[in-house]
Amino acid sequence: MKNFNFKKHWSRYGIIYLFLVPVLIHFCVFQLYPILLSFYLTFTDWPVIGEPKFVGLKNWMQFFSDRLAWKAIWNTVLFSLYYILPTMALGLLLALLIQTHKKGTGIFKGIYFLPVVTSFVVISGIWAWIFKGTEQGFVNMFLTAVGLEPQLFLSDSRQALMVLAGLSIFKVCGSTMIYYYAGLQSIPQEYYEAAKIDGANSWKTFWKITFPLLLPIHFYVAVITTIGSFQIFDSAFLLTSGGPDYATTTIVYYLYQEGFAGLRLGYASVLAYVLFFIILVISIIQRKFLDNELTYK
Amino acid sequence: MGKKLYRQWPYILLVFFAFLFLSPFLIMLIGSFVKMRTVVGNPYLWLFQENLTLDNYRYIFANGRFIQWIANSLIITIIPVLSQMFFAAILGYIFAKKRFFAREFIFWVMMAVIMVPNQLLIIPRYIVFKNLEWINTYWPLIVPELWGVLGVFFVRQFMMTLPKELEEAAYMDGANDFTVFFKILLPLSKPVIATVGTFAFIGCWNDLLTPLIYTTSEEMYPLTVGLASMLTKEGNFGVEMAGSVISFIPTFLIFLFFQKYFVKGIALSGLK
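Residues numbered from 1 in each chain as written. Chains lettered and ligands numbered in written order. Predicted model: local features only at pLDDT ≥ 70, side-chain atom pairs only at ≥ 80, totals over all residues.

Novice: For this particular structure, what's the right way to read the overall build of chain A?
Specialist: Per the secondary structure count, chain A includes 13 helices and two strands. Its C-alpha atoms give chain A a radius of gyration of 25 Å, more than 25% over the compact-globule value 19 Å for 297 residues. For chain A, the C-alpha atoms occupy an extent of roughly 75 × 65 × 35 Å along the three principal directions. Among the 297 residues that make up chain A, the fraction classed as buried is 39%. Sequence separation of 24 or more characterises 64% of the internal contacts of chain A that already satisfy a separation of 6 or more. (Helix = DSSP H or I, 4+ residues; strand = E, 2+ residues; numbered from the N terminus. Rg over C-alpha atoms; globule rule 2.2 N^0.38 Å. Buried ≥ 20, exposed ≤ 12 C-beta atoms within 10 Å, placed from the backbone. Contact = placed C-beta atoms within 7 Å.)

Next up, the structure:
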């Protein structure tokens, strides 16, 4: 009789034992435990070799008085300012263009989306040369051709962050386009027909109908690009190594430097938690606004 | 005529942006066929001025290190892609269709952990890998990527829309979970599983930060880290671009054949 029960139990839950249980163990070992361990590490000094040594709040105190850490946060915020609005605007523009010109736009959609799937390493290699700070640089060649001064770009502490933002805009706006395109498809055609009857031109229709109706998309895209911008690392590592004069030392680049070049893993964990808190706050704001959006409807 | 041209402006803009977006890729492609250490002039003119050559590609393929990087990238991409597709499918099924203790709780705890950025995990995982003596092996690049909660979420959402009657009829006929999953639900979920696979491929193939930290010797580098090391060390533009082209080809092919799955995946992630 007992044997029979086991068989029944197995036929109902066997698939769970076989596949969910290993995944749960994996989840605990490689996700949950590291998150908790990381929190403990913020209270320790650990130069990779030997055991972590408990030092209390020292790392957290150090963070609040670390001017470079705050500069890294400021740089990241500045990067977001350069990056978020252009990515959204360009994505929306491309979506509108594809929408207006329905026939044969598949290839254009593909072209705009191409950078999204390309690695930062590949794009950075090309970017390094397009924005080379000498007269042989691609952009500088055009500037000198029309009689403008060649720019230093990546070697100029005021321009470097903008060049990195440009790279990210190029890389990401294809996915913003897809979100906006999906949003445009979901706007009922009747609105446009009504506007047409009222004699509204396309400019007015866009600002009075399309733009406001895309509000949930604007919001969603703003949140994901903001979260993405706070995690920027690859281009700062590849193109500028955080320089010149720490102008492109972003939060994650600083974390990497402190942790794996400076071998201060305890302090780097503090930086990781700071990043986590920032992202958490953005996500909570997103939830709040999206909920309001739903109740409004 | 003038008015007609004016009406064509969206199309002209589309073409203009297409040229702008393709330019970096064209420069990369042309640059890979030009033999020069540092770059001079307009790459579009090189097509006519310079002798185009395959030397950069020859150099790369004569270089055992480079072949090794490609092989490493393939290993740390293909295994996670297959595994992520499989686990997304079966866990998506379990969370959508099976009833068991604390199902919703387990699922939402997993989903909540997505909020934690990968950058927070790299340091504590370093300790875990160090204790397992996995540093500078493939394991740190493969094992954490064997499944992903977002893929599970995609498949779960999809399977929840499938009508219950489908499975119930099969269970009546005496089928077990495995038959229901493999014979009925899996074939229906192919598109969403393909989406999971394409995203996993791009994620693994393009990842830089993780292998940068967990690989310490050149022969363990994947292509991204190898190229990055060339970018700073070698300073040979043509070879760099040839390497970039090779690194770009697999993503391009995947993109070419699975474009609609990318678009679907992005739309799906918007549902979160």
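Next comes the rest of the description.
Novice: What is the right way to look at the nonpolar core in this model?
Specialist: General note: in soluble globular proteins, nonpolar side chains tend to be found buried as a group. Within the largest apolar cluster, 148 residues are counted, with the highest numbers of intra-cluster contacts made by A:Leu164, A:Leu271, B:Ala88, B:Val155 and B:Val196. For this core, the domains that each give at least three residues are domain 1 (2-41) and domain 2 (67-296) of chain A. (Core = buried A, V, L, I, M, F, W, Y, C linked by C-beta atoms within 7 Å. Domains from an automatic or database assignment.)

Novice: Honestly, the domain arrangement of chain A in this entry has me stumped. Any pointers?
Specialist: One frequently used descriptor of interface size is the decrease in accessible area upon assembly of the parts. Each assigned domain of chain A is listed here: domain 1 (2-41) and domain 2 (67-296). For domain 1 of chain A and domain 2 of chain A, the distance between their C-alpha centroids amounts to 39 Å.

Novice: I would appreciate a short explanation of the interface of chain A and chain B in the present structure.
Specialist: Taken together, the contact between chain A and chain B spans 64 residues of the former and 63 residues of the latter. For the side of chain A that touches chain B, the elements supplying multiple residues, two or more each, are helix 1 (2-41), helix 3 (67-100), helix 4 (106-117), helix 5 (120-130), helix 7 (160-185), helix 11 (234-240), helix 12 (251-261) and helix 13 (265-296) of chain A. With 17 residues, the top contributor of residues to the side of chain A that touches chain B is helix 1 of chain A. Its residues placed into classes, the side of chain A that touches chain B shows 46 nonpolar, 17 polar and one charged. (Nonpolar A, V, L, I, M, F, W, Y, C, P; charged D, E, K, R; others polar.)

Novice: I'm lost on the environment of A:Phe230 in this one. Help?
Specialist: Following the sequence through the fold, A:Phe230 ends up in helix 10 (residues 215-230). Leave out the neighbours within four places in its chain, and A:Phe230 touches A:Thr76, A:Ile251, A:Leu275, A:Ile278 and A:Ile279.

Novice: It is not clear to me how the packing of helix 3 of chain A against helix 2 (residues 9-32) of chain B should be interpreted in this structure. Could you clarify?
Specialist: Packed helix pairs are characterised by how far apart their axes lie and by the angle those axes make with each other. Taken N-terminus to C-terminus, the directions of helix 3 of chain A and helix 2 of chain B make an angle of 130 degrees; their axes are 9 Å apart at the nearest point. Comparing their axes, helix 2 of chain B and helix 3 of chain A come out oblique. Crossing handedness for the pair helix 3 of chain A and helix 2 of chain B: left-handed. Contacts between helix 3 of chain A and helix 2 of chain B involve A:Leu94, A:Leu97 and A:Thr100 from the first element and B:Pro10, B:Leu13, B:Leu14 and B:Phe17 from the second. (Axes fitted to C-alpha atoms, helices over the stretch in contact; angles between N-to-C directions. Parallel < 35°, antiparallel > 145°, perpendicular 65-115°, else oblique. Left-handed = near helix turned anticlockwise from the far one by under 90°.)

Novice: What is the right way to read the packing of helix 3 of chain A against helix 10 of chain A from this model?
Specialist: All names here are of chain A. The N-to-C vectors of helix 3 and helix 10 enclose an angle of 140 degrees; their axes lie 9 Å apart at closest approach. Classified by chirality, the crossing of helix 10 by helix 3 is right-handed. Facing Thr 76, Phe 79, Ser 80, Tyr 83, Ile 84, Thr 87, Met 88 and Gly 91 of helix 3, the residues of helix 10 in contact are His 218, Val 221, Ala 222, Thr 225, Thr 226, Ser 229 and Phe 230. In terms of residue class, the contact of helix 3 with helix 10 is built from seven nonpolar, eight polar and no charged.

Novice: Quick question: what am I supposed to make of the confidence of the model for chain B here?
Specialist: All names here are of chain B. In the predicted model, chain B carries a mean pLDDT of 85, and the fraction of residues at 70 or more is 90%. At the low end of the mean pLDDT range in chain B sits helix 1 (residues 2-7), at 61; at the high end sits helix 5 (residues 64-97), at 93. Scored as a whole, the predicted complex attains pTM 0.89, and scored at its interfaces, ipTM 0.87. (pLDDT = per-residue confidence, 0-100.)

Novice: Before we go on, may I ask you to explain helix 10 of chain A in this structure?
Specialist: Residues three or four positions apart in an α-helix share a direction because the helix packs 3.6 residues into each turn. In a regular helix each residue adds 1.5 Å, so 16 residues correspond to 22 Å; helix 10 of chain A covers 23 Å between its end C-alpha atoms and thus fits that length. Turning to helix 10 of chain A, its buried residues number three or more, namely A:Ile217, A:Tyr220, A:Val221, A:Ile224, A:Thr225, A:Ser229 and A:Phe230. (Expected span 1.5 Å × (residues − 1).)

Novice: Help me out: how do you make sense of the environment of A:Leu280 in this one?
Specialist: Looking at the element boundaries, A:Leu280 is found in helix 13. In this structure the C-alpha to C-alpha distance between A:Leu280 and A:Ala72, which are 208 residues apart in sequence, comes to 18 Å.

Novice: For this particular structure, what's the right way to read unusual backbone geometry?
Specialist: For residues other than glycine, phi is negative in most cases, and the peptide bonds are mostly trans. Residues and elements named next belong to chain A. Unusually for a residue other than glycine, Tyr 246 sits at a positive phi of about 60 degrees. Its identity as a non-glycine residue notwithstanding, Leu 263 has a phi of 55 degrees, on the positive side. Tracing the backbone through its elements, the reader meets Leu 263 in the loop between helix 12 and helix 13. Since 13 C-beta atoms lie within 10 Å of it, Leu 263 is described here as partly exposed.

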